[in-house]
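Single-letter residue listing:
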Amino acid sequence: TELMKNNLAPIPELYVSYESSLKLKVEAADLTSWDLTPRQICDLELLMNGGFNPLKGFLTEEDYDSVVDTMRLADGSLWPMPITLDVSEKFAESIEIGQDIALRDQEGVILGTMTVTDRWAPDKSKEAEKVFGADDLAHPAVNYLHNHAGKIYLGGPVTGIQQPVHYDFRARRDTPNELRATFRKLGWRRVVAFQTRNPLHRAHQELTFRAAKEAQANLLIHPVVGMTKPGDVDHFTRVRCYEAVLDKYPSSTTTMSLLPLAMRMAGPREAVWHGLIRANHGCTHFIVGRDHAGPGKNSAGEDFYGPYDAQDLFRTHQEEMGIEMVDFKHMVYVQERAQYEPNDEIEDKDNVTILNISGTELRRRLAEGLEIPEWFSFPEVVSELRKTRPPRSQQGFTVFFTGFSGSGKSTIANALMVKLMEMGGRPVTLLDGDIVRKNLSSELGFSKEHRDLNIRRIGYVASEITKNGGIAICAPIAPYQATRRAVREDIEAFGAFVEVHVATTIEECEKRDRKGLYKLAREGKIKEFTGISDPYDVPENPEIRLETEGTDVDNCAHQVVLKLESMGLIAAH
Ligand code: PPS
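Residues numbered from 1 in each chain as written. Predicted model: local features only at pLDDT ≥ 70, side-chain atom pairs only at ≥ 80, totals over all residues. Heavy atoms only, no water.

Visitor: Hey, could you run me through the site of the ligand in this one?
Guide: Taken together, 22 residues lie near the ligand, and Ser 405, Arg 437, Arg 451, Asn 454 and Glu 528 sit nearest. One of the side-chain N or O atoms of Ser 405 is found 2.7 Å from an oxygen atom in the ligand. In the complex, 93% of the free accessible area of the ligand, which totals 630 Å², lies under the protein chains. Of all the elements in the fold, those that place two or more residues in the shell around the ligand are helix H15 (409-423), helix H16 (433-439) and helix H17 (448-467). Split into classes, the residues belonging to the shell around the ligand amount to nine nonpolar, six polar and seven charged. (Near = heavy atom within 4 Å. Polar contact = N/O pair within 3.5 Å; in protein donor to acceptor, adjacent residues only side chain to side chain. Areas by Shrake-Rupley, 256 points an atom, 1.4 Å probe, with all protein chains shown as cover. Helix = DSSP H or I, 4+ residues; strand = E, 2+ residues; numbered from the N terminus. Nonpolar A, V, L, I, M, F, W, Y, C, P; charged D, E, K, R; others polar.)

Visitor: Can you help me understand the layout of surface pockets in this one?
Guide: If a probe as big as a water molecule is rolled over the atoms, it shows which places are left empty. If you add up the space inside the second largest pocket, you get close to 1,600 Å³. Arg 197, Asn 198, His 204, Arg 290 and Gly 359 are the residues nearest the centre of the second largest pocket, which is lined by 48 residues in total. Those elements giving two or more residues to the lining of the second largest pocket turn out to be strand S8 (191-196), helix H9 (202-215), strand S11 (285-288) and helix H13 (359-368). Sort the elements by how many residues they give to the lining of the second largest pocket and H13 lands first, with five residues. For the lining of the second largest pocket, the residue count by class is 23 nonpolar, 15 polar and 10 charged. (1 Å grid on protein atoms, 1.4 Å probe; cavity = no way out; pocket = protein on both sides within 12 Å on 5 of 7 lines; lining within 4 Å. Points joined across faces, edges and corners; volume = space filled by probe spheres on them.)

Visitor: I would appreciate a short explanation of the domain arrangement of the chain in the present structure.
Guide: It is common to give the size of an interface as the accessible area that goes away when the parts come together. Taken domain by domain, the chain comprises domain 1 (2-160), domain 2 (170-332) and domain 3 (392-566). Placing the centre of domain 1 and that of domain 2 at their C-alpha centroids yields a distance of 23 Å. If you look at the interface, domain 1 gives 40 residues, while domain 2 gives 46 residues. Carbon and sulfur atoms make up 60% of the area that domain 1 and domain 2 hide from each other, which totals about 3,600 Å². (Domains from an automatic or database assignment. Contact = heavy atoms within 4.5 Å. Buried area = accessible area lost by both parts, 1.4 Å probe.)

Visitor: I tried to follow the environment of Met 423 on my own but got confused; where do I start?
Guide: Inspection of the secondary structure puts Met 423 in helix H15. Counting along the chain gives 221 residues from Met 423 to Arg 202, while the straight-line C-alpha distance between them is 39 Å. Here Met 423 is in contact with Val 561 and Ile 570, once residues within four sequence places are set aside.

Visitor: Whenever I open this one, the side chain of Asp 452 confuses me. Can you help?
Guide: Position of Asp 452 among the secondary structure elements: in helix H17. Of note is the side chain of Asp 452, whose polar atom sits 2.8 Å from the side chain of Thr 483. The contacts of Asp 452, once residues within four sequence positions are left out, are Tyr 480 and Thr 483.

Visitor: Which parts of the structure should I look at to understand the sheet that holds strand S13 (residues 331-334)?
Guide: Hydrogen bonding along the main chain pairs the strands of a sheet, whether they run parallel or antiparallel. Read across the open sheet, the three strands follow the order S14-S13-S15; overall the sheet is antiparallel. Sheet topology places strand S14 (339-342) and strand S15 (354-355) at the edges, where each strand pairs with a single neighbour. (Pairing = 2+ DSSP bridges.)

Visitor: I would appreciate a short explanation of the sheet that holds S11 in the present structure.
Guide: Pairing in this open sheet of five strands is parallel, and the strands run S10-S9-S8-S11-S12 from one edge to the other. The outermost strands of the open sheet, each flanked by one partner alone, are strand S10 (254-256) and strand S12 (324-327). Shown here is a sheet whose adjacent strand axes are inclined to one another by a mean of 30°, direction ignored. Two elements, S8 and S11, share two bridges in a ladder whose sense is parallel. In the strand pairing of S11, Ala 193 is matched with Phe 286. (Axes fitted to C-alpha atoms, helices over the stretch in contact; angles between N-to-C directions.)

Here's what the structure looks like:
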């Protein structure tokens, strides 16, 4: 009965009234302002709308220490995840304790204010160990903590002025109180929530059906659309998939709402956090499956958490949380019975055929355009996924040549471009060193800083081309390993990155001296000349290394074509 009452009353929000918000907004314009990161915007939305109840703002130092060590706020309430406002040292130094700051979204809109009561430099390694289980950069949240989050945390109470604006799927977004009101209106006393960051396939549908039956509850499909694991299917695609699947549920007992949460992939702690968030959204039950919010493998190739650790931790705390777990084992398809069953409940395992397609196998089949059977997913879902994940031979990619001036990069890049244009199918853009310096980077010189800027610009344009399904061929010197790696990361978010080291030796380049620049560099008339008076980091693991001495241009370009073919980027005719 306690649980059943849970979703009736509204929960506290941090927003001021509409009238006050108009006044506050004007006043806040004069405050020092912090431009929120995408993750902080997600956190702030759920702080303000009560999704993170009982939090009243970003954690203070005392609450943070307590959450990290004991999964509880200083007052003893259960709260497993540090919700912190990380900022740069420079910003932290610019403010005083007790000061109000304005919190702005990425377009400069003031969403709320915070009174800064605390400022401290956290022990990030300790946070990683305690909250995420290991100080290992293979964990996405640990990587975020060390490589993206600011060095200083600010804490203090938040006053909400307005919700972050969303332009997509507006009708599918609900605050905790809006969902509570919906449940009240529908007379739904028992609601089981299903958390997901993946497209729903038949196994998930079966699992949610069974959960609702088991809990004798209505079903809320509650997917995360804030931030999920890097590399996940984008939320636009996923929501279109969910909408297709929703038609296959009974509409009188199932609904869907989108949750603007920034996930941390913290397994057990994350499961408890998810449960508290769903309790705030008026749910009475919560599905926890195998490896809930799992981050994948650690740097030693092992799982960060045991497959049922999340269920175990949830079970320990569920009474206090006011939401009950519906636990699920791994669901697999039994061919002989043409249905999904929990893997550990199948007694005649030796006599039946068990079918299962892993996430990795699904991605492989999409990448190669292979069959995805109907027992695995719904045709509508598969067709949505095929649209966003076309086979590699139809995706964009970037070929990135690097090497000394005069090594032959431009000539080979040109030859490759012509060969790719002969094949057709995708537009090709050549971003040659000289072309870029003329059109994109005309104000830049050859200092390390300017070279980096130049390469990052090339990387940005190439990533846009790759994202839009084209082929970008880049041919700068790109002497620095770290910059090349950064460009690789930018591009691999959208398609393949093929690094080609044109390995002509500096002696040979100087001997050829096609532009007469080496002579000038030797005479000191050109400063900071790569290979003569400026460094070049030889690529350690390029996709291809071309030895140009004694090989003609056509053959060099052809070697790249063969590599592209072997990577599946060019379809066999
Ligand atoms: S970088 O380092 O990647 O930003 O260089 P990039 O944009 O490819 O430009 C290299 C071309 O500029 C000419 N040039 C120099 N190169 C190296 N060092 C110095 N100091 C320099 N000054 C001018 C040179 O002709 C390069 O052209 P390529 O096509 O590589 O021969």
